[in-house]
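# Fold and geometry: a report
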Amino acid sequence: MSKVRAPADDALARIHDVVGAKGWIIDDAGMAPYVVDSRELYHGNCAAVVRPASREEVMGVIRLCAEARISVVPQGGNTGLVGGSVPPAEGGGIVLSLGRMNRIRDLDALNNTMTVEAGCILADLQTAAEDAGRLFPLSLGAEGSCMIGGNLSTNAGGVGVLRYGNARDLALGLEVVLPDGQLWDGLRGLRKDNTGYDLKHLFIGAEGTLGVITAAVLKLFPRPGAQETALVAVPRLGDVMGLLADARDASGDAVTAFELMPAIGIDLVLKHFPDMTAPMSGKTQWYVLIELSAGKIGASESEGALRLCLEGFLEKAFAAGTVSDAVIAASQAQASELWRFREILPESQTREGGSIKHDVSVPVSAIADFITQASQRVAVEMEGVRIFPFGHIGDGNIHFNLSQPPGMEKSDFLGHWRQFNRLVHDLAMEMGGSFSAEHGIGQLKRDELTHYRSGIELDLMRRIKQMLDPDGIMNPGKLL
Ligand code: FAD
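Treat the numbers as computed from the prediction; the structure is a model and nothing was measured.

Parameters at a glance
Residues numbered from 1 in each chain as written. Predicted model: local features only at pLDDT ≥ 70, side-chain atom pairs only at ≥ 80, totals over all residues. Heavy atoms only, no water. Phe/Tyr/Trp six-rings, centres within 6.5 Å; stacked < 30°, edge-to-face > 60°. Buried < 20%, exposed > 50% of the residue type's maximum accessible area, 1.4 Å probe, protein only. Helix = DSSP H or I, 4+ residues; strand = E, 2+ residues; numbered from the N terminus. Lys, Arg positive; Asp, Glu negative; His and termini not counted. Salt bridge = Lys/Arg side-chain N within 4 Å of Asp/Glu carboxyl O. Contact = heavy atoms within 4.5 Å. Near = heavy atom within 4 Å. Polar contact = N/O pair within 3.5 Å; in protein donor to acceptor, adjacent residues only side chain to side chain. Areas by Shrake-Rupley, 256 points an atom, 1.4 Å probe, with all protein chains shown as cover. Nonpolar A, V, L, I, M, F, W, Y, C, P; charged D, E, K, R; others polar. Axes fitted to C-alpha atoms, helices over the stretch in contact; angles between N-to-C directions. Parallel < 35°, antiparallel > 145°, perpendicular 65-115°, else oblique. Pairing = 2+ DSSP bridges. Core = buried A, V, L, I, M, F, W, Y, C linked by side-chain atoms within 4.5 Å.

To continue, consider the packing of aromatic side chains. Applying the stated criterion to the full structure yields six aromatic pairs. When the centroid spacing of 6.3 Å and the interplanar angle of 45° are considered together, the rings of F413 and F420 count as tilted. For the pair shown, F413 and F420 are each scored as buried.

Here it is as structure tokens:
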């Protein structure tokens, strides 16, 4: 049973005193964007939105919340897709928005690290790294508004995982305000540090249930000297993953992105975005966006070498019949155009009507089998359902989405959400996969967590939660 309480006016007044007028939103219109998620699946309520400007203010606020047992929902850009950043419908607690904590505290180009506050917008961090001649490779569709604290709390993935790993792999150190208001300063920028349990990993992916991430030390990388992007038509799904293996072999592992798009995705992009033109004249069942990146040993030489490598690899694939058509971007502008297909694919599905989403992963070798079997199972379940698998398959992640049959009522279709989830998640689990690859658990997948995770895993998670947050003030009703 939750031990959190509705905040008394004097407790709220003391929280207000910590953050001042600039960090305080209490009117309904001002709070409105903070209490609904990006897909408008969850609508919550809160007593106030509190926007601290420093870690000291976060400590002060959390200490008061701990004393008065007021629940706290940490929030970054509020772009999460599982309802994790939205307060509960019954209200009572506060939303702690980190948006004002957006300073880059330090950028050490020689150490290839930057120390940043939780409220920095991801795209701003990419730009800061670029300005210093470095690359911060975390990249996802919401990068213009999501914040690094949210990225770390969800262990975000995105398009660069194949080469650089997910958010967890990109963090060297963390600073966290614990549920009792104490500060854990783990801001170490070390690549080697074997000194007991690696505590930062408790907070990464914890979705705000164990404390508030206030800052992080992030890994930077040299910027690639050359990049090549191609959109490739692949008639047979069974050939797709072999193509990835060949591209990695042929390029000395220079593949930095490998994204799947189905024919229905390209069709819906062209239908709903009239400014887009068909990327190639013929049509085929599957398309893969491949990006290769290489170092800087003489930028023009590496550019030429990378292009030759891509062309050579594609020629072999044409000869073997695995690829039926391909467009290689001749400029950065053309590369961006090809990427645009992938970026607006989810929106084109939204514009088509109701969609039921699955964010699953399986071993890379099982991708084609998974898509084939899952497609067969859902087609048996509902006649006319449109199957829309896409995403970061280079790292084993498939957004196995379903669109409503033409003519069906959206609400009727969405009524089948749980039934399709069970079918698709069961298959992913049977194949040694996961029912939540990169979006996390939040509110949306709590039941799936208890359904699929073993008793011992759940018990360990609950004991960690109980130890760090005995009164359950941190993001109640999420994850566990
Ligand atoms: P929020 O949504 O604000 O919060 C997410 C969770 O983290 C919540 O549980 C919240 O309580 C917690 N939290 C936030 N900040 C903190 C903090 N400082 N301390 C403790 N807890 C905190 N995700 C991917 O992984 N890959 C993708 O490719 C991808 N593409 C997307 C494309 C679009 C168009 C959209 C809308 C979303 C996409 N997402 C993707 C989902 C989302 O962008 C990510 O989950 C992102 O990491 C969330 O960051 P945020 O700042 O918006 O966090």
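As for its placement among the helices and strands, E291 is situated in strand 14 (residues 286-294). Despite its burial, E291 pairs with no opposite charge; the closest candidate is R163, at 7.8 Å N-O. Residue contacts for E291: discarding those within four places in its chain leaves Q227, E228, T229, A254, V255, T256, A257 and W339.

So, on to the site of the ligand. In the region of the ligand, 34 residues are neighbours, and P74, G76, G77, T79 and G80 sit closest. Within the backbone of G77, a nitrogen or oxygen atom sits 2.8 Å from an oxygen atom of the ligand. Backbone polar atom of G80 to an oxygen atom of the ligand: 2.8 Å apart, as the coordinates give it. Relative to its unbound accessible area of 970 Å², the ligand is 89% covered by the protein chains. Listed by contribution, the elements that provide at least two residues to the shell around the ligand are strand 3 (72-75), helix 5 (148-153) and strand 10 (212-219). Of all the elements, helix 5 adds the most residues to the shell around the ligand, at four residues. Looking at the shell around the ligand residue by residue, the classes come out as eleven nonpolar, 21 polar and two charged.

Running from amino to carboxyl end, helix 1 (residues 9-19) crosses helix 3 (residues 55-68) at an angle of 170°, the nearest separation of the two axes being 9 Å. Classified by the angle between their axes, helix 1 and helix 3 sit roughly antiparallel to one another. The segment helix 1 lies against helix 3, with A11, R14, I15, V18 and V19 engaging E57, G60, V61, L64, C65, E67 and A68. Looking at the contact of helix 1 with helix 3 residue by residue, the classes come out as eight nonpolar, one polar and three charged.

This brings us to the environment of N151. With respect to the helices, strands and loops of the structure, N151 is situated in helix 5. Residues in contact with N151, not counting those within four places in the same chain, are L122, L138, C146, A156 and A167.

Turning to the sheet that holds strand 12 (residues 226-234), a few remarks are in order. Strand pairing within a sheet occurs via backbone hydrogen bonds; the two strands may be parallel or antiparallel. Spatial ordering of the open sheet is given by 13-14-12-15, a layout of four strands whose pairing is antiparallel. Here the strands that pair on one side only, and so sit at the sheet edges, are strand 13 (255-262) and strand 15 (325-328). Along the sheet, successive strands turn relative to each other by an average axial angle of 15°, direction set aside. Alignment of strand 12 against strand 14, held across nine bridges, turns out to be antiparallel. Each bridged residue has a counterpart across the sheet, and for T229 the counterpart in strand 14 is E291. The strands touched by helix 8 (residues 240-250) within the sheet are strand 12, strand 13 and strand 14, with strand 13 carrying the most contacts at an inclination of about 165°. Along the sheet face, helix 11 (residues 332-351) touches strand 12, strand 13, strand 14 and strand 15 and points at about 55° away from the line of strand 13.

On to the nonpolar core, then. Within the largest apolar cluster, 51 residues are counted, with the highest numbers of intra-cluster contacts made by V240, F258, F370, I371, I398 and F400. Apart from the residues lying within four places of it in its own chain, the contact partners of I398 are H358, D359, V360, V362, I367, F370, I371, P389, F390 and I393. By size, the runner-up hydrophobic cluster in this structure holds 28 residues, among which are A171, L174, A206 and A216.

A word on the pattern of salt bridges. The final tally for this structure, using the stated rule, is 25 salt bridges. Between E117 and R103 there is a salt bridge whose closest N-O contact spans 3.0 Å. Here the residue E117 occupies a position in strand 6 (residues 113-117), and R103 occupies one in the loop between strand 4 (94-97) and strand 5 (104-108), the gap between them amounting to 14 residues. Its relative accessible area of 3% is what places E117 among the buried residues. Of the charged contacts, one joins R105 and E117 as a salt bridge, the two residues approaching to 3.3 Å between their closest N and O atoms. Separated by twelve residues along the polypeptide, R105 in strand 5 and E117 in strand 6 bring together distant segments of the chain. Judged by its relative accessible area of 26%, R105 is partly exposed. One continuous salt-bridge network, built from bridges that share partners, spans R55, E56, R103, R105, E117 and E175.

We now examine the side chain of E259. As for its placement among the helices and strands, E259 is situated in strand 13. At a separation of 2.6 Å, a polar atom in the side chain of E259 contacts the side chain of R342. Looking at E259, its side chain comes within polar contact range of the side chain of H392, at 2.8 Å. The contacts of E259, once residues within four sequence positions are left out, are V159, Y287, V288, L289, W339, R342, G391 and H392.

This brings us to the environment of A215. Residue placement: A215 occurs in strand 10. In this structure A215 comes out as buried when scored by relative accessible area, which is 1%. When the C-alpha positions of A215 and T115 are compared, they lie 7.0 Å apart, and in sequence the two are 100 residues distant. Those residues in contact with A215, other than ones at most four positions away along the chain, are R105, V116, E117, A118, L174, E175 and L187.

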